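Geometric and topological summary
Spelled out, the chains give:
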Amino acid sequence: MEFPICVTCGVQYGGPRADCPICEDERQYVGWDGQKWTTLERLRADHRGRVAEEGLDVVGIGAEPSTAIGQRALLVRTPSGNVLWDMITYLDDDLIRRVGELGGVSAIAISHPHFYGSMIEWAHAFDAPVYIHEADRRWVARPDDAVTFWTGETHELADGLTLINAGVHFDGGQVLHWRDGRALFSGDILTVVNDRDWVSFMYSYPNFIPERPRTIRRALRLMEPYDFDRVYGAWWKKTVHTDGKNAVRRSADRYLSFALDDE
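What counts, and where the lines are drawn
Residues numbered from 1 in each chain as written. Predicted model: local features only at pLDDT ≥ 70, side-chain atom pairs only at ≥ 80, totals over all residues. Heavy atoms only, no water. Helix = DSSP H or I, 4+ residues; strand = E, 2+ residues; numbered from the N terminus. Rg over C-alpha atoms; globule rule 2.2 N^0.38 Å. Buried < 20%, exposed > 50% of the residue type's maximum accessible area, 1.4 Å probe, protein only. Contact = heavy atoms within 4.5 Å. Areas by Shrake-Rupley, 256 points an atom, 1.4 Å probe, with all protein chains shown as cover. Lys, Arg positive; Asp, Glu negative; His and termini not counted. Charge placed at Lys NZ, Arg CZ, Asp CG, Glu CD. Pairing = 2+ DSSP bridges. Axes fitted to C-alpha atoms, helices over the stretch in contact; angles between N-to-C directions. Core = buried A, V, L, I, M, F, W, Y, C linked by side-chain atoms within 4.5 Å. Salt bridge = Lys/Arg side-chain N within 4 Å of Asp/Glu carboxyl O. Polar contact = N/O pair within 3.5 Å; in protein donor to acceptor, adjacent residues only side chain to side chain.

1. So, the overall build of the protein
Secondary structure summary: the protein contains 6 helices and 19 strands in total. Over its C-alpha trace the protein gives a radius of gyration of 17 Å, about what one expects of a compact globule, namely 18 Å for 263 residues. Principal axes of the C-alpha set define a box for the protein whose edges measure 55 × 45 × 35 Å. Relative to its full complement of 263 residues, the protein shows a buried share of 56%. Taking all contacts inside the protein whose residues are at least 6 apart in sequence as the whole, residues at least 24 apart take part in 55%. Accessible surface, the protein as shown: approximately 11600 Å² in total, 47% of it carbon and sulfur. A distance of 2 Å separates the average location of the 29 positive side-chain charges in the protein from that of its 40 negative side-chain charges.

This is the structure we're talking about:
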């Protein structure tokens, strides 16, 4: 069967339905013309995959033209195996071939539900498990044995590759730390802003709902033991290239100074 894909968020569901709970949540929105659906077959008629370097041993994977929210995924190439960080909606045979030539995918990890895309299609194509934090289990739109739910504050995917449950944006919101690459992959759990020297924190980006200070403080505490220079955001070229750990700290200080100013 052709699995339905929400046009607005790009998440693929396991069967036909009238609504998209991810879009009906206050962190997202239903498209202005109402709920609309598409499929991978339809997208393949006028889209193609995009593969481009985003950093040393970091390869961006997206679609042209972009779909839904427009994020790109990142293939993190390591001696322990390649991790596909975050997810897109699009997939075709050519994209499978091109990613295979880069070493394929050993594991998939996705920051939060808005980016679940066609994760099961990708998991089946590369026989790779998908790591999701248990706190976001209810948002998985196409349940499948490929999904592995983890609990707690951190989870080691492989040597030097650690998922951290930052909990920003969604309770299960996670970031990926790559020790040897001195990099943090943040999606929009910590979103890299346009000047690329700062990040920001939001409960809802499209609806401009700020994140709670206590949530940000918890995320900072969990990330404190990890060093990193670069922070890779969710969109093409949205990367903090140097002094990333300090950029996150001072960005949080700036955010909290505005959020808690009640004078």
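2. Concerning the pairing of strand β11 (residues 161-164)
What you see with β11 is no split at all: Leu161 and Leu163 on one side and Thr162 and Ile164 on the other are buried throughout. Two strands pair when backbone bridges link them, and strand β10 (residues 154-158) and β11 are joined in this way by 4 bridges, in the antiparallel orientation. Residue pairing across strands places Glu156 opposite Thr162, the latter belonging to β11. What sits between the antiparallel neighbours β10 and β11 is a turn of 2 residues, in which Gly160 has the positive phi angle 80°.

3. Re the sheet that holds strand β3 (residues 48-55)
Paired through their backbone hydrogen bonds, the strands of a sheet run either parallel or antiparallel. Reading across from one edge, β3-β4-β5-β6-β7-β8-β9 is the order of the 7 strands in this open sheet, with mixed pairing throughout. Of all the strands in the sheet, the pair left with one neighbour each is β3 and β9 (147-150). Within this sheet the neighbouring strands show an average axis-to-axis angle of 25°, counted without direction. Summarising the sheet, strand β7 (residues 107-109) and strand β8 (residues 130-133) pair through 2 bridges and their orientation is parallel. Across the sheet, the residue bridging to Ala109 is Tyr131, located in β8. Across the sheet, helix α3 (residues 93-101) touches β3, β4 (58-64) and β5 (73-76), and the angle it forms with β3 is around 25°.

4. Structural notes on the nonpolar core
Residues Ile61, Leu84, Ile108, Ile110, Met119 and Trp122 are the most contacted members of the largest nonpolar core, which totals 43 residues. Only β1 (5-6), α1 (21-24), α2 (40-44), β4, β5, α3, α4 (119-126) and β8 provide two or more residues apiece to this core. At 5 residues, α4 tops the list of elements feeding residues into this core. Ranked by size, the runner-up nonpolar core spans 23 residues in total, among them Ile164, Leu222, Phe228 and Val231.

5. Some words on the pattern of salt bridges
Taken as a whole and assessed by the stated rule, the structure comprises 19 salt bridges. A salt bridge links Asp227 to Lys245, with the nearest nitrogen and oxygen atoms 3.3 Å apart. Here the residue Asp227 occupies a position in the loop between α5 (213-223) and β18 (230-233), and Lys245 occupies one in helix α6 (residues 244-259), the gap between them amounting to 18 residues. Beyond isolated ion pairs, a larger network of salt bridges with shared partners links Asp94, Arg97, Arg98 and Glu101.

6. Points about the side chain of Gln71
Structurally, Gln71 can be placed in the loop between β4 and β5. From its side chain, Gln71 meets the backbone oxygen of Met87 in a polar contact 2.9 Å long. Non-local contacts of Gln71, meaning those with residues more than four positions away in its chain, are made with Met87, Ile88, His114, Phe115, Ala234 and Trp235.

7. Overview of the sheet that holds β18
If you trace the 6 strands from one edge of the open sheet to the other, you get β10-β11-β12-β13-β18-β19, paired in mixed fashion. Every other strand in the sheet has two partners, leaving β10 and β19 (239-240) as the edge strands with one partner each.

That's the geometry; what it means functionally is another story.
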